[in-house]
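Coordinate inspection notes
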Amino acid sequence: MDLNMEGQSVTWDLADLYPTPGDPAWADDLDRGVARARRFQASYKGIDLSLLSPAAFFQALKEYESIQEEGVKPFLYASLLFSEDSQNTEYKTLLQKAKEQWNELENHLLFFRLALIGLSEDKIEEILSDLSLKDYGHALQFLRRFRAFTRSEKEEEILSRKNLTGRSAFTTLFDEFTGAFSFRLEVEGEEKEFTASQMLSLLYASDRSLRERAFRTFLQRHKENQLVLGTILNALIFDAQVEDDLRGYQGPMHRIHLENEILPETVELMMEVTEAHYPLAQEYFQVKACLLGLPKLKNYDLYAPLPSSPRKIPFEEARGLLLQSFQGFHPLFGRIAGEFFENRWIDAPPRKGKYGGAFCSGMTPSLHPYLLLNYSGNLRDVLTLAHEMGHGIHFYLARKQTLMNFDPPLTLAETASVFGELVMAQALLQEERDLGVRLALLCIKIEDMIATIFRQNVLTRFEQQAYQWRRNHLLTDEEICDLWWEANAKLFGDSVEMIPEYRWGWSYISHFIHSRFYCYSYIFGELVSLALFQKYEEEGPFFLNRLIRLLERGGSGSPHDLLKDAGVDIERADFWQKGFRVIRQLIDELKSLGPWDKICVGPSK
Ligand SMILES: [Zn+2]
């Protein structure tokens, strides 16, 4: 199996940004951005914003947005180049230069953000009573939430500058260090070299011994590098604690909750309801063991394909499936997805040095989004494509907003993506007649939900524990491994046996490095999406207009308000239960596809 075969020629075209990496326009844009920011600072610094007329205030906001939107373009370009090949020294240099210049640009604008945060409630009321400023209501109210935790301009500037050699240096070290890992494995009698993401994709291989060797080898390499990986995690947790203390945040999740505009008790309730449903996941793991003919799963079996589903889907076929299902869902979804393929906004094949996994870069309102995949042709890769395309469509629709209202809140950022996956999975299930493939699809969908809801709950619980323990002392590698092991053991119970090397499973999760406590937004996003999907099935086309409107609104409101407009009330006690009923139904549907004595080729439980 050559993992590089699928979608090999589907690479993105970044010429919409700059013709080539060496184009002089790139450096000119960087310089112009900083110069504009400097002029803006000279014009407005020291001016009391509350004395500006609404028209003058509007003009200042527009200029502030415009400087950032144009100034970030060279940085986004360098980031995309670097993500497609982190070993390329030219790209590395470009990204470093862009980071430094972007940081300088932001430093010149920092005073304005602080002035906005410092505006009095009365002034905000007055500003918002002016029609032209109405659209900035949520953004201004949002900034105000951080008033108590924002320090003086000089202190903010010091923090920001020191981050370049602090937090940012550690995340860069993690990316470059782990990005350079390559692994040698014998496959079908031949020794081959694999990237990290290719190694993880071998967990989807049908050959059990290959899955086992791949996972053990992958984790072993991380264990061998414990000195670096443990130090990075310790440093980042401690850095976050120091900064939280300096700012006055109450605990490691406080800032994240404020940014997400979600109440801590809502998140805790969601996580507790999720934990109460761990037995549902365990029930599935037992069914899966039966389907694989195993007495019990080991954790390199979780994503194994069923014996009857060796189906490989070339990228072209996935493209066709996606366009058909999205078009059937809503013509707008179909049309936008078509643009991604036609205009080459997608980079599909895995390559050495390329980022692992998949992402959608939302860019800015004036630039279209890009998708990065590591497409290797599994059924699951088709769903990942639909997932990232959902993100892409969300950003595409949100381009109606200005920059300050563009990015959806983190907790809704996954809504369209999960929706895209559901649409794709449903269309596939409806069309597929082959029992083996139907079983496989149901398994994949359930496994995705387990990965998005239950696993993210485990990740978040681990993170909470790690932050709590780090308060007292530096975490030893063994302690980190113990916390990780315990959090996972709660989910797996007796239904899955973890291999000893899995103690190092925490060390490759990039969310812990790049964006602490990000993972709970996956749980939130998935459960909200399932609720929205139920509404869609109940209400039909009428609901789709509400969904499109929700996506178009980007980040122009709080999750609570945006969802309320779409007819979902997250304060309701039974809300979080809804998603689990969908998973229950899928497991029942899977079980109903018997007769089990024929499907289960090995001893069943
Ligand atoms: Zn996503």
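Every value quoted in this text rests on a predicted model; they were computed, and no experiment measured them.

Let's talk about the overall build of the protein chain
If you tally the helices and strands in the protein chain, you get 27 helices and 7 strands. In summary, the protein chain has a C-alpha radius of gyration of 24 Å against a globular reference of 25 Å for 605 residues, a match within 12%. For the protein chain, the spread of C-alpha atoms along the three principal axes comes to 80 × 55 × 50 Å. Working note: accessible area of the protein chain is about 24,800 Å², and carbon and sulfur atoms make up 52% of it.

Observations concerning empty space enclosed by the protein
All told, the structure shown has 1 cavity of 30 Å³ or more when counted by the stated rule. Taken as a whole, the largest cavity encloses approximately 30 Å³ of empty space. Taken together, Arg167, Leu236, Ala240, Tyr467, Phe512, Ile513, His514, Ser515 and Arg516 form the lining of the largest cavity. Listing elements by their share of the lining of the largest cavity, those giving two or more residues are α11 (226-247) and α22 (510-514). Looking at the lining of the largest cavity, the element that brings in the most residues is α22, giving 3 residues. Split into classes, the residues belonging to the lining of the largest cavity amount to 5 nonpolar, 2 polar and 2 charged.

Things to note about the coordination of the zinc ion
Binding of the zinc ion to the protein goes through His387 (NE2), His391 (NE2), Glu414 (OE) and Glu414 (OE), at separations of 2.1 to 2.8 Å. In this structure, the zinc ion is coordinated by 4 donor atoms arranged in irregular fashion, with angles at the metal of 50 to 140°. Between the donor residues of the zinc ion, the gaps in sequence give the motif H-x3-H-x22-E. Of this pair, histidine 387 sits in helix α17 (residues 379-398) while glutamate 414 sits in the loop between α18 (410-413) and α19 (415-431), placing them 27 residues apart in sequence. Each member of the pair, histidine 387 as well as glutamate 414, is classed as buried.

Thoughts on the nonpolar core
Grouped together as the largest cluster of nonpolar side chains are 200 residues, with contacts concentrated most on Phe57, Leu116, Met389, Phe462, Leu532 and Leu547. Excluding its chain neighbours within four sequence positions, the residues that come into contact with phenylalanine 57 are Leu49, Leu52, Leu116, Leu119, Ile127, Leu133 and Leu140.

Describing the packing of helix α20 (residues 435-470) against helix α23 (residues 520-539)
Two numbers describe how α20 lies on α23: the axes approach to 8 Å, and their chain directions differ by 145°. The two elements α20 and α23 cross, and the hand of that crossing is left-handed. Where α20 approaches α23, its residues Met449, Thr452, Ile453, Gln456, Asn457 and Thr460 are matched on the opposing element by Tyr520, Tyr522, Ile523, Glu526, Leu527 and Leu530. Within the contact of α20 with α23, the residues separate by chemical class into 7 nonpolar, 4 polar and 1 charged.

Considerations on the confidence of the model for the protein chain
The predicted model of the protein chain has a mean per-residue pLDDT of 91, with 96% of residues at 70 or higher. Low pLDDT, under 50, characterises residues 601-605; the predicted model gives this stretch 8 contacts beyond four residues in sequence or across chains.

Describing the pattern of salt bridges
Charged atoms that come close allow side chains of opposite charge to pair. Inspection of the entire model under this criterion finds 44 salt bridges. Across the pair arginine 255 and glutamate 259 runs a salt bridge whose closest N-O atoms are separated by 2.5 Å. Here the residue arginine 255 and the residue glutamate 259 both occupy positions in helix α12 (residues 254-260), the gap between them amounting to 4 residues, near one helical turn. On the accessibility criterion, arginine 255 (24% relative accessible area) is partly exposed.

A closer look at the pairing of strand β2 (residues 190-195)
Pairing of strand β1 (residues 182-187) with β2 involves 6 bridges; the strand directions are antiparallel. Counterpart to serine 182 in the pairing with β2 is threonine 195. Count of turn residues in the β1/β2 antiparallel hairpin: 2 residues, of which glutamate 188 carries a positive phi of about 50°.

Brief notes about helix α24 (residues 541-552)
Two residues of an α-helix separated by three or four positions point the same way, owing to the 3.6 residues in each turn. Taking 1.5 Å as the rise per residue, α24 with 12 residues should run 16 Å; its terminal C-alpha atoms sit 17 Å apart, in good agreement. Those residues of α24 that sit buried are Phe543, Leu544, Leu547, Ile548, Leu550, Leu551 and Glu552. Glycine 554, located one to two residues past α24, shows a positive phi value of around 50°.

Brief notes about helix α3 (residues 73-84)
The end-to-end C-alpha separation of α3 is 17 Å, in line with the 16 Å expected for 12 residues at 1.5 Å each. Taken across its 12 residues, α3 has 10 buried, putting it largely inside the fold. Considered for burial, the residues of α3 that qualify are Pro74, Phe75, Leu76, Tyr77, Ala78, Leu80, Leu81, Phe82, Ser83 and Glu84. Tucked into the core, α3 has its buried residues touching α1 (24-44), α2 (54-71), α4 (89-117), α8 (167-179), β5 (359-361) and β6 (370-372).

Some remarks on the side chain of aspartate 347
The topology assignment puts aspartate 347 in strand β4 (residues 346-347). With a relative accessible area of 1%, aspartate 347 lands in the buried category. Within the local environment of aspartate 347, its side chain forms a polar contact with the side chain of lysine 354, the two groups lying 2.6 Å apart. Apart from the residues lying within four places of it in its own chain, the contact partners of aspartate 347 are Val10, Thr11, Trp12, Lys354, Leu371, Leu372 and Leu373.

So, how was this worked out
Residues numbered from 1 in each chain as written. Predicted model: local features only at pLDDT ≥ 70, side-chain atom pairs only at ≥ 80, totals over all residues. Heavy atoms only, no water. Helix = DSSP H or I, 4+ residues; strand = E, 2+ residues; numbered from the N terminus. Rg over C-alpha atoms; globule rule 2.2 N^0.38 Å. Areas by Shrake-Rupley, 256 points an atom, 1.4 Å probe, with all protein chains shown as cover. 1 Å grid on protein atoms, 1.4 Å probe; cavity = no way out; pocket = protein on both sides within 12 Å on 5 of 7 lines; lining within 4 Å. Points joined across faces, edges and corners; volume = space filled by probe spheres on them. Nonpolar A, V, L, I, M, F, W, Y, C, P; charged D, E, K, R; others polar. Donors = N, O, S within 2.8 Å, 3.2 Å for Na, K, Ca; no water. Tetrahedral: all angles 85-135°; square planar, octahedral: opposite > 155°, others 65-115°. Buried < 20%, exposed > 50% of the residue type's maximum accessible area, 1.4 Å probe, protein only. Core = buried A, V, L, I, M, F, W, Y, C linked by side-chain atoms within 4.5 Å. Contact = heavy atoms within 4.5 Å. Axes fitted to C-alpha atoms, helices over the stretch in contact; angles between N-to-C directions. Left-handed = near helix turned anticlockwise from the far one by under 90°. pLDDT = per-residue confidence, 0-100. Salt bridge = Lys/Arg side-chain N within 4 Å of Asp/Glu carboxyl O. Pairing = 2+ DSSP bridges. Expected span 1.5 Å × (residues − 1). Polar contact = N/O pair within 3.5 Å; in protein donor to acceptor, adjacent residues only side chain to side chain.

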